[in-house]
Amino acid sequence: WTEAAEQRETRSVAGAGLTAVRGRGEGRPAASRRERGHRLVTRTRSLEFRKVFVFLPSPLWTEAAEQRKFVFRVIMALVENEDALHDVNAVKNKHKRNELVKKIKKKRRAAKKVEKEKRQKLLKEQGLPLPKPQTIDSQRTHDETFVADNDPEVLEDERTDEFAELLGGSDPPSLLMTTCPKPSKATHDFVKELECVFPFSTYKKRKETTLVTQVVEYAKQQGHTAVMIVNEDVKQVNALTLIHLPHGPTLSFKVSSLRLSQQIFGHGKALRDNFPELVMNNFRTRLGRRISRSLQSLFHTKPMCHNRQVATFHNQRDFLFFRHHRYIFEKRKEKVKTGGDEGGAKTQTKIQTRLQELGPRFTLKLQTIQKGILNWKYGDFEWCNTQDNKDSAGYNRRTYVL
């Protein structure tokens, strides 16, 4: 190595922070791998993206402490480099490599956050509005069926639709709930909790030989205004069918993200035969208003506000999120510092609102709307969901129907 040392040239690599040694190959004696030393191959962020070889004589690797120090210097050089994410493969240890990637990404996020705060501060100083974040909801494609709250044409149609009598009258609705044949315990518990959500609802167990048409005829005889059928698959609730009586329509929903009351931390106990307040949020199209009125017809038009229970249907990207809460207003006294030099404090009374989730919570996805009573074979479908088929023509993930 004495003759080869005179023929080697050393140059500094700024991208990786290491010293690269390139041999000319003249007069270099043949040696084994141990004599040649170990070689670390790193990819640097140079202009030519070329590979740099680092030759280390074997005496440097005799002690484990020196080995650890060298690996630590390599890691620190990679972390300090902004584009070091391309050089992570130089670290062969899987756990060290993962930690290194996390550190680099964390550093990038912190730098990005600082730049964002600087831009926002500059806009505030100039008196300009802050930019709104670009989300899928904000980039929603315009729909011709968007309606205003007081559209006279829509209000005229709603006065003569299937739900006008229930929503305009003072009589409470009556709901008959049943399940598929041979339901599991999970489905049975879900229906039991729905009885506390929908006022004056009745749960009837369904026999194996009972058809849906027989259930509908029984509900008409008993004077029910709607029938709800809960279906399951592999002992998990997966679908919900809502049939409005006596002339329809029939709505089919897909159920997901179901959590019962016992699975919710800090849940409360809902009251039976209670008229909860109803919140319908973000139903903007003609079809969305029709679904909204269909769900409103299951609740009484005059809620019992003294019980402080509220049911919420929130529409977001055609998913209907259901939540059931109890609220309470509390008066709390807080000390507020005065602006005087003495540093005194005075007591103010503030009203604080607290929520307690009662359960259940689940998500609905509209599948079909059928005119009249449910009939899968000869029924006339008013609307079918084709948005989930990504292979269909005209598919756009920013197009919604509700």
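Below you will find a few notes about this structure. Computed from a prediction, not measured in an experiment: that's the story for all the values here. (Residues numbered from 1 in each chain as written. Predicted model: local features only at pLDDT ≥ 70, side-chain atom pairs only at ≥ 80, totals over all residues. Heavy atoms only, no water.)

1. Structural notes on the overall build of the protein
And then number 1: Scanning the protein from N- to C-terminus turns up nine helices and 15 strands.
And then number 2: In the protein, which comprises 402 residues, the share counted as buried stands at 35%.
And then number 3: At a minimum sequence separation of 6, the contacts of the protein that also span at least 24 residues come to 63%.
And then number 4: Carbon and sulfur atoms form 50% of the exposed surface of the protein, whose accessible area is close to 26,700 Å². (Helix = DSSP H or I, 4+ residues; strand = E, 2+ residues; numbered from the N terminus. Buried < 20%, exposed > 50% of the residue type's maximum accessible area, 1.4 Å probe, protein only. Contact = heavy atoms within 4.5 Å. Areas by Shrake-Rupley, 256 points an atom, 1.4 Å probe, with all protein chains shown as cover.)

2. Focus: the packing of aromatic side chains
Any pair of aromatic rings gets described here by the distance separating the centres and the angle formed by the planes.
And then number 1: In total, this model carries eight aromatic pairs according to the counting rule given.
And then number 2: Aromatic pair F200 and F275: ring centres 5.4 Å apart, planes at 50°, arrangement tilted. Placement of the pair is F200 in the loop between helix 7 (185-197) and strand 6 (201-203) and F275 in the loop between strand 9 (250-259) and strand 10 (277-281), with a sequence separation of 75 residues.
And then number 3: Here F322 and F362 contribute two aromatic rings whose centre-to-centre distance is 4.9 Å and whose plane-to-plane angle is 25°, an arrangement assigned as stacked. (Phe/Tyr/Trp six-rings, centres within 6.5 Å; stacked < 30°, edge-to-face > 60°.)

3. Considering the nonpolar core
And then number 1: Residues M228 and I291 are the most contacted members of the largest nonpolar core, which totals 35 residues.
And then number 2: With residues up to four places along the chain from it excluded, the contact list for I291 reads L251, F253, L320, L366, I369 and L402.
And then number 3: L176, V227, L245 and L374 belong to the second largest nonpolar core, which has nine residues in total. (Core = buried A, V, L, I, M, F, W, Y, C linked by side-chain atoms within 4.5 Å.)

4. So, helix 9 (residues 286-296)
Two residues of an α-helix separated by three or four positions point the same way, owing to the 3.6 residues in each turn.
And then number 1: Most of helix 9 sits inside the fold, with nine of its 11 residues counted as buried.
And then number 2: Of the positions making up helix 9, those classed as buried are L287, G288, R289, R290, I291, S292, R293, S294 and L295.

5. Section: the environment of Q222
And then number 1: Following the sequence through the fold, Q222 ends up in helix 8 (residues 212-222).
And then number 2: Along the backbone, Q222 and L176 are 46 residues apart, and their C-alpha atoms lie at a distance of 9.4 Å.

6. Details of the pairing of strand 12 (residues 319-337)
And then number 1: Alignment of strand 11 (residues 309-316) against strand 12, held across eight bridges, turns out to be antiparallel. Bridge pairing in strand 12 links H314 to F321.
And then number 2: Hairpin connection of strand 11 to strand 12: two residues between the antiparallel strands, including R317 at a positive phi of 55°.
And then number 3: Inspection of the sheet shows strand 12 paired to strand 13 (residues 345-357) by 13 bridges, in the antiparallel sense. (Pairing = 2+ DSSP bridges.)

7. Examining unusual backbone geometry
And then number 1: Residue L245 is joined to P246 through a cis peptide bond whose omega torsion reads 5°.
And then number 2: Locating P246 in the fold gives a position in the loop between strand 8 (236-244) and strand 9.
And then number 3: Each neighbour pair has its own omega, and for G248 with P249 the value is 5°, a cis peptide bond.
And then number 4: If you trace the backbone, P249 turns up in the loop between strand 8 and strand 9.
And then number 5: The backbone of V234 sits at a positive phi, close to 55°, despite the residue not being glycine.
And then number 6: Positionally, V234 belongs in the loop between strand 7 (226-233) and strand 8.
And then number 7: The exposed category is assigned to V234, whose relative accessible area is 70%.
And then number 8: At N282, a residue that is not glycine, the phi angle is positive and equals roughly 70°.
And then number 9: Along the chain, N282 turns up in the loop between strand 10 and helix 9.

8. A short note on the pairing of strand 8
And then number 1: With respect to burial, strand 8 is a largely interior element, seven of its nine residues being buried.
And then number 2: In sequence, strand 7 turns back onto strand 8 through a hairpin of two residues, with V234 there showing a positive phi of about 55°.
And then number 3: With five bridges joining them, strand 8 and strand 9 adopt antiparallel strand pairing. What sits directly across from I243, in strand 9, is T250.

9. Topic: helix 8
And then number 1: Buried within helix 8 are the following residues: V215, V216 and A219. Each buried residue of helix 8 sits inside an arc of 100° when the element is viewed along its axis, so together they form one side. For helix 8, the exposed residues set more than 90 degrees away from the buried face come down to T213 and Q221.
And then number 2: Those residues of helix 8 that are buried are in contact with strand 5 (175-179), strand 7 and strand 8.
And then number 3: Taken from the residues just after helix 8, G223 is the one with a positive phi, measuring 80°. (Arc of directions from axis to C-beta.)

10. Points about a positive patch on the surface
And then number 1: On the surface, K105, K106, R108 and R109 cluster together to form a positively charged patch.
And then number 2: Within the secondary structure, R109 is located in helix 4 (residues 94-126).
And then number 3: Under the relative-accessibility criterion, R109 is labelled exposed at 55%. (Patch = residues over 30% accessible without salt bridge, like charges linked within 9 Å, V, L, I, M, F, W, Y side chains within 5 Å. Salt bridge = Lys/Arg side-chain N within 4 Å of Asp/Glu carboxyl O. Lys, Arg positive; Asp, Glu negative; His and termini not counted. Charge placed at Lys NZ, Arg CZ, Asp CG, Glu CD.)

11. Observations regarding the side chain of T178
And then number 1: Structurally, the position occupied by T178 is in strand 5.
And then number 2: Using a relative accessible area of 3% as the deciding quantity, one classes T178 as buried.
And then number 3: A distance of 3.1 Å separates a polar side-chain atom of T178 from the backbone oxygen of K204.
And then number 4: Setting aside its immediate chain neighbours within four residues, T178 contacts Y203, K204, K205, R206, V215, M228, I229 and V230. (Polar contact = N/O pair within 3.5 Å; in protein donor to acceptor, adjacent residues only side chain to side chain.)

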